[in-house]
Amino acid sequence: MIKILEVAEKLKKDLELKKNVQLQDFRIFIRLNLEIDVYIVTESELLIKSLEKKYFDYNVNFRQFQKSEIQQYSYLTESFNDQNLIDYGLKYRFTSLLDKKPNTFYEVNRKFPIPVVAFYSYKGGMGRTTTLTSYALDLAIHKNKKVVIIDCDLEAPGYLNFFDLANNNILKSGEKNGVVEFLVDYSFKKNVDIKDYVVSPRHKSTVALKNIFIIPAGNLSDTSITDADGYVTHRDQYLEGLSRLDLANEASLIEGFTALFQKIKDEIKPDVILIDSRTGFNDIFGITALILSNLIVGFFGSSEQTKPGLRFLLDRFYELNIEVNNETELLLVNSILPKNPKENEYFHNAFVAEIGQYVQFLQERKYKNITSTEEAKIPSFYKLSRNSGLEKLGINNTFDKSSDFANHLTLIKSKTLWDFNAIFAAINESKAISKIFINPEVKHTRKTVELKNIILKNLRSSLRNENGNPVLFAEDADINPNTFFYREQMNQLFEKNKFLIQGFKGTGKTYLYKALRDPKLVSVKNELLRLAHRNDQQDFEFIDIISLKGKGEPKSFDFDQIQLSKIQDKSYYFKNFWLVYTWNSIFLDADKRLGYSKKSTLHSYIKPYETAIETKQRFEELIFDQDKLALIEKDLVSLDLFLTEKKKIAFVLYDQLDNLIKPAYWREAVSPLIDYWWDSLNRFKSIAAKIFIRTDLYNRLTGTNTTRLENNIINIEWSREEVYSYFFKLVFTNQNSYNALFELMELSSRYEDNFFKNTPKYLSKNNYQLKLLRNEIEPFMSTFFGKEVKSNSGGILGKTFDWFYFNLTNADQQSISLRPFINLINGSIDDAIFDQSKEIPPIIKYQYYASRENRDNAVVQHFNDLIREDFNQDLGLIFNYLREKGDRFKQIFLTKSELQELLEAILEEYGNQLESKNVDDLKAILISNGIIHENIKPSENIFYFAQLYKYWLGLRSRNYEYKRRKSS
């Protein structure tokens, strides 16, 4: 902390303790010369002397006043009327950034008729300028809009890299000036001609470029100025002008930019003004973005380097929105993300979660305009992935830089830059920019209500069973081939070395298992093979090893019969237990499913499971007989040779391990199964495993080198795009709903003809699954749920695309729970059908799906699903304690010591009612169900609660702060 500020705060605390005892009032003033003046209303001279002695080492001046003097002198009256006890005074710079208070320009700015968009990044290399120029090209080429670009990156101008300006003869000759020259010229001579500061790009293949007007940062030409004394270039004078701009003079800058805008409006008459703002903390950003703009597009990476700038922007943005009701909008672009899809998704999810939690903290704790049970406003989030073609703009080593511009034009015309398409659509849909487009009036008729109800009633049938209860999209669901959702990671199912299928609870492991094991679902298997590009003439069969629990099927086993405490060599026991179990299950189906009719020498042991005791005795008779184990191995080798000859591969499936084996026993019971199949990767050519395993329990495996298995895992966590696409597949697979939805979208007049031409064609060829891109999914999200979610007071809480994801993420801040999403929609259908309003879209209004009652019900349904599962009953007691007695623990995250304290209190409260016997067991239950997640921190690790539970439990926001432990 800066020492003068630290001392000012210390003074404030000291004097507050003495108020109404030794003094009546006081004010502290921080001066520009780095001194502190303290005005104290007191009768005590001793107080002043004691303070002077205490603060002798600092430049602090104490002045004693009588109460009558305060009323006598107007400057003192004014100072003491200010409610702030510390006056931070004048500043050399950043006056537009610090202590921003309402001023008249906010009102002036809102009346300016042309929308202004500021593009800002805290660090360079974030894709800010590339995105801005690409957006300008898109508006000019595809929307026929007139665009003005103002380069305000005054100390690092960059537009010579774009629009082929490096080869522009007018700029090279020094005939055109820019922003710096305009601001200086305007201050000296009010009547300036805007044409002297504007240049337009040209390209023989693109007439639309006449609609783009660029005001560069300044005249950087190296040509000499004819009338100058000596050899002086335009660049020399640019630097001279820049040195004379008072960037700390807020009023002067506002006046200059206002004049610039007015002249642009009068002479060019553009549809929109785009400002390329400077990087870092600076006054130009404070003016152009925070004061002048209708929309800020911020570009931030995922590294620690960008966080100071990101949090600064969020602080100022929300302060202005709350304190002065500033209507500026904020759109955040997470850039430059890796090309690798998994890494891309990981970084972006973390970005969204961290910002979401921080803006909740700002609104709830710092600015205190909402309570812990009220929802915070979140910005819109978009991503910008690394693109090698765009990164080369302006840095090619070829002499002809015009090829860069031609390539840039080609990319924009093709509209194949998916991230850009989503960002451009979001900017176009903002309040300010949407006004420049002609939006045909939507005719709401009786027909729109009928179309809406067709969709909702069919959807209700899909989501509910015959009793009207929600269908669980996992263990209790029947597999419908028409609605089966094909995911990219499923392409790896036919790879032998990918023998672990991993995901948290609720990710659909058992749903996939049921689809694979059912021989009737031939169409699903064939489509999976097609998507995996498996045309090698091999036949694949999936054999279940463990039957579904509680279904009375022939391969069940009661693991409670195994008494671990009585087994001496657990490693030997379970290694051979799994060998026997696997052999028995395979050979029960070998003839019927695999066409293998050869009888085993031990065929009398191959039986369906009868009673738990009989099965255990039969298995142990084999487990402890080395000769019989050798015969079992021989059977499996013989089967493998047969399958290889017949060009068949048998995948053996292990599911429900988490429901059958207590988590505490996984180390001993499941590790040998993983080790067996790792060792068997090269043992068998045509027999391979698929072991469905819960992510958190996988991390419990010991004795198994889990690091070596990283390349053997198929991760099946859901991305938000997959969740949304799956939902719309449920709609699309009903032909009547499909037709009704597209008709509604046509009636809305929001979408171009190409959308209705290309989208249905793509869906029909791709199993009625939307492409997993935001710009492809968002039109359907907007039609179904509206563009934005609003609070009861009408404030925008966020785009629906972001709102659903942020509010439904698990505690790891990476995965999204499918069940709560479906529950949320299911709970709002009846209200939406009952609503006979003709104003459609949206099909379901946010008042229904985002209502507190519906959200609480969705969470309760999901929570009840969890506690019904085996080994999860303790969750009910944990949450009961937290809701009724754990108020001080109701925070969005707990430190490790706070969590320890909470769980110890729960153990003490419920004792023998709990299945868990220690803190680690309770913690494991919370982690395994995605309720908490451990985040590594330098001082003390913290455990975040899933956002899903924030409002139901009333968790308070807080901000992590690193506090270095002081040595004693």
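Below or above, wherever it landed, is the structure these notes cover. None of the values given here were measured: they were computed from a predicted structure. (Residues numbered from 1 in each chain as written. Predicted model: local features only at pLDDT ≥ 70, side-chain atom pairs only at ≥ 80, totals over all residues. Heavy atoms only, no water.)

A few words on the environment of lysine 366. Along the polypeptide, lysine 366 turns up in helix H13 (residues 341-366). A residue is classified by how much of its surface remains accessible, and lysine 366, at 45% relative accessible area, is partly exposed. Counting along the chain gives 512 residues from lysine 366 to isoleucine 878, while the straight-line C-alpha distance between them is 30 Å. Those residues in contact with lysine 366 that sit more than four places away from it in its chain are Asp315 and Phe361. (Helix = DSSP H or I, 4+ residues; strand = E, 2+ residues; numbered from the N terminus. Buried < 20%, exposed > 50% of the residue type's maximum accessible area, 1.4 Å probe, protein only. Contact = heavy atoms within 4.5 Å.)

A few words now on the packing of aromatic side chains. According to the stated counting rule, one finds 82 aromatic pairs in the structure shown. Between tyrosine 724 and phenylalanine 821, the aromatic rings sit 5.7 Å apart at their centres with planes inclined by 50 degrees, giving tilted as the arrangement. Remark: phenylalanine 821 occurs in helix H33 (residues 818-834) and tyrosine 724 occurs in helix H28 (residues 720-732); sequence separation between them is 97 residues. The two residues tyrosine 724 and phenylalanine 821 agree in class, both being buried. Looking at arginine 311, its charged tip hangs above the ring of tyrosine 358, at a distance of 4.3 Å from the centre. Here the basic side chain of arginine 487 rests over the ring of tryptophan 718, its NZ or CZ set 4.2 Å away from the ring centre. (Phe/Tyr/Trp six-rings, centres within 6.5 Å; stacked < 30°, edge-to-face > 60°. Lys NZ or Arg CZ within 6 Å of the ring centre and 35° of its normal.)

Between helix H12 (residues 307-323) and H13, the shortest axis-to-axis distance is 11 Å and the interhelical angle comes to 40 degrees. In terms of orientation, H12 and H13 fall into the oblique class. As H12 runs across H13, the sense of the crossing is right-handed. Within the contact between the two elements, H12 uses Lys307, Leu310, Arg311, Leu314, Asp315, Tyr318 and Ile322 and H13 uses Phe351, Glu354, Ile355, Tyr358, Val359, Leu362, Gln363 and Lys366. Here the residues of the contact of H12 with H13 are counted per class, giving nine nonpolar, one polar and five charged. (Axes fitted to C-alpha atoms, helices over the stretch in contact; angles between N-to-C directions. Parallel < 35°, antiparallel > 145°, perpendicular 65-115°, else oblique. Left-handed = near helix turned anticlockwise from the far one by under 90°. Nonpolar A, V, L, I, M, F, W, Y, C, P; charged D, E, K, R; others polar.)

For the rest of this paragraph, the subject is the pairing of strand E10 (residues 329-337). Burial within E10 is extensive, with eight of its nine residues counted as buried. Judged from the six bridges that link them, strand E9 (residues 295-300) and E10 form a sheet pairing that is parallel. Its bridge partner being in E10, phenylalanine 299 is matched across the sheet by valine 333. Here E10 pairs with strand E11 (residues 380-385) via five bridges, running parallel. The partner of leucine 331 across the bridge, within E11, is serine 380. (Pairing = 2+ DSSP bridges.)

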